[in-house]
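Geometric and topological summary
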Amino acid sequence: VYIRKHALDIPPPSEKDWLKDDEEDFFLQDPNQKCDALPQPFRMVNKLVMLVFENAMEIIERRELLRDAQKLKVQPTKCFPTAEFQVTGRANCLATSGKYIFVGLSVGLSAFRVSDCKEVCAWDAVKTEICAIRALDLGNECHVLLAVDEMGLVWLFCFHKESFLLIKILNEVEDISKRSTCVEVVLSQGGDYAGVLLQGNTKAWLDIYRLPKDSWLKEMEKSPGAAAGLACRERRSSCTSVVQTRHNTVFRLTFFCWQESPLSANKADAKVSLPVLLLKVKPPKPVTGSSFKNPLDALKKVDDGSMLGLGYNHLIKDSQWDLHEAIFRSTYREYLEAEGERESKEKIPRHATLHFLLPSWILQVGPEMKVQPDVPAGISVHWDGSHNLCLYLLNHPLKEKVDSDPKPDIVWPCAAPIACSAVSSCSRYLALACEDATITVWDKHLGYPLSVTAILEERFIRSIHFL
């Protein structure tokens, strides 16, 4: 008798026993369907086509979901131009003031009325290209304009009753080699002051002017005809009508305006009050070794000790600075080598940020100085790469000769160099952004910081604005 030694094992299924896709659920299909099946390679083509269709449907569904989500968002209003105006030459810049739009062209200045976009006046006496404009409404149909041309000259205009009146070229000098180039111009909120940042060959400085706007308004009211005659104005529509009737007269007037030079314009407009130079602010010098022989000499240079200064009056010698730097470099040599060698020689900054400030607790004005609530009482200045925010008062009595290097009345030192700053429209809040990505908002009326925000990521803040 044959006896099986081991139990009967069920053999594992092999690949040939697996059901094919075509044979799946064969018992549910029509037997005649077997003859209708597509042969290879048409079945493979059919699968690829169906796969493409399925992927396409998934993409369509995904896009429809995104479209529905986009519809739920608030859509921005699309603005289309309602009117346009033609200019002569190329338009480089524009500024709005009251009911007028002033456009800087490649051949001069033009003024357009906002209501109908028609040109009311044009100034092209010297055919200079205007690159920047600042304009402000002074009231009584009078506007003040600061225009910077391609050569860096600052042209001060008064626009009164639709006519340009050239008052002065602020940085004009007789010697061209000593000419300075304007980098930026700033007008105060009420038009009482103007600031001009100038750069020479090796230095930079800020000129602060007081604009006699009240005198301008009185002078314009007293002699409106003289101001209109000196303004070198040009009305294109009126010139066209006059050409048809009195050709010789118009030819002479046009020839006179084209031949007029900036020097003759300044001489002709001498009857108008000129701006007064108040301050000439220079960048702070690098802090170097002390030249004082004893502490008494240093104390004589200090005013009263009630405020912080720029750090010039100290007793640290050059040898002590050099020794301190040598110790620092030997201690942190590996970190300095990893970050790269930095320039040890400090450069004099050539760019500054200027703000006009209204009276507040920060700007302590003496009782002998008259202060108006809507007129700036001081300025804040910080230069590139400087830790200090310098505040200067504008209500000092006028001197015959402007101080070439005035000391700041108030100094705010910061932990890092100031990158940018901003003042709110109400002039109450001052925001300072430093190079260590720290933003501090100050309440100038109360004199204390409202908030200090540090951005965690290493970012360099280039500009800051109040909304």
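Use the structure listed above.
Computed from a prediction, not measured in an experiment: that's the story for all the values here.

With antiparallel pairing, 4 strands are arranged side by side in an open sheet as β1-β2-β3-β4. Looking along the sheet, the strands with just one partner apiece sit at the ends: β1 (91–97) and β4 (119–123). For this sheet the average axis-to-axis angle between neighbouring strands, irrespective of direction, equals 20°. As paired strands, strand β3 (residues 109–113) and β4 are joined by 4 bridges and run antiparallel to one another. Pairing of alanine 111 across the sheet is with cysteine 121, part of β4.

Of note, the phi angle at asparagine 140 is positive, near 60°, even though the residue is not glycine. Within the element layout of this structure, asparagine 140 appears in the loop between β5 (130–139) and β6 (142–149). With a phi close to 65°, alanine 437 is a non-glycine residue in the positive phi region. With respect to the helices, strands and loops of the structure, alanine 437 is situated in the loop between β18 (429–434) and β19 (438–443).

The next point concerns the side chain of histidine 382. With respect to the helices, strands and loops of the structure, histidine 382 is situated in strand β14 (residues 378–383). Within the structure, the side chain of histidine 382 is placed 2.8 Å from the side chain of serine 421, a separation counted as a polar contact. Aside from chain neighbours lying at most four places away, what touches histidine 382 is His351, Ala352, Thr353, Asn388, Leu389, Ile418, Ala419, Cys420 and Ser421.

As a further point, take the environment of lysine 282. Structurally, lysine 282 is set in the loop between β12 (276–281) and α8 (295–301). A residue is classified by how much of its surface remains accessible, and lysine 282, at 32% relative accessible area, is partly exposed. Distance from lysine 282 to aspartate 405, taken between C-alpha atoms, is 6.2 Å for residues 123 residues apart in sequence.

Going through the model one piece at a time under the given rule, you end up with 8 salt bridges. Glutamate 129 is the partner of arginine 90 in a salt bridge, and the nearest nitrogen-oxygen pair spans 2.4 Å. Note that arginine 90 is positioned in the loop between α2 (42–72) and β1 and glutamate 129 in the loop between β4 and β5, a separation of 39 residues in sequence. Given the relative accessible area of 16%, glutamate 129 is considered buried. Among the salt bridges present, the one from arginine 113 reaches glutamate 162, with a minimum N-O distance of 3.0 Å.

A separate point is the environment of glycine 152. The residue glycine 152 is located in the loop between β6 and β7 (154–160) in this model. When the C-alpha positions of glycine 152 and alanine 132 are compared, they lie 9.8 Å apart, and in sequence the two are 20 residues distant. Sequence-distant contacts of glycine 152, defined by excluding residues within four places in its chain, comprise Asn171, Ser180, Thr181 and Cys182.

Parameters at a glance
Residues numbered from 1 in each chain as written. Predicted model: local features only at pLDDT ≥ 70, side-chain atom pairs only at ≥ 80, totals over all residues. Heavy atoms only, no water. Pairing = 2+ DSSP bridges. Helix = DSSP H or I, 4+ residues; strand = E, 2+ residues; numbered from the N terminus. Axes fitted to C-alpha atoms, helices over the stretch in contact; angles between N-to-C directions. Polar contact = N/O pair within 3.5 Å; in protein donor to acceptor, adjacent residues only side chain to side chain. Contact = heavy atoms within 4.5 Å. Buried < 20%, exposed > 50% of the residue type's maximum accessible area, 1.4 Å probe, protein only. Salt bridge = Lys/Arg side-chain N within 4 Å of Asp/Glu carboxyl O.

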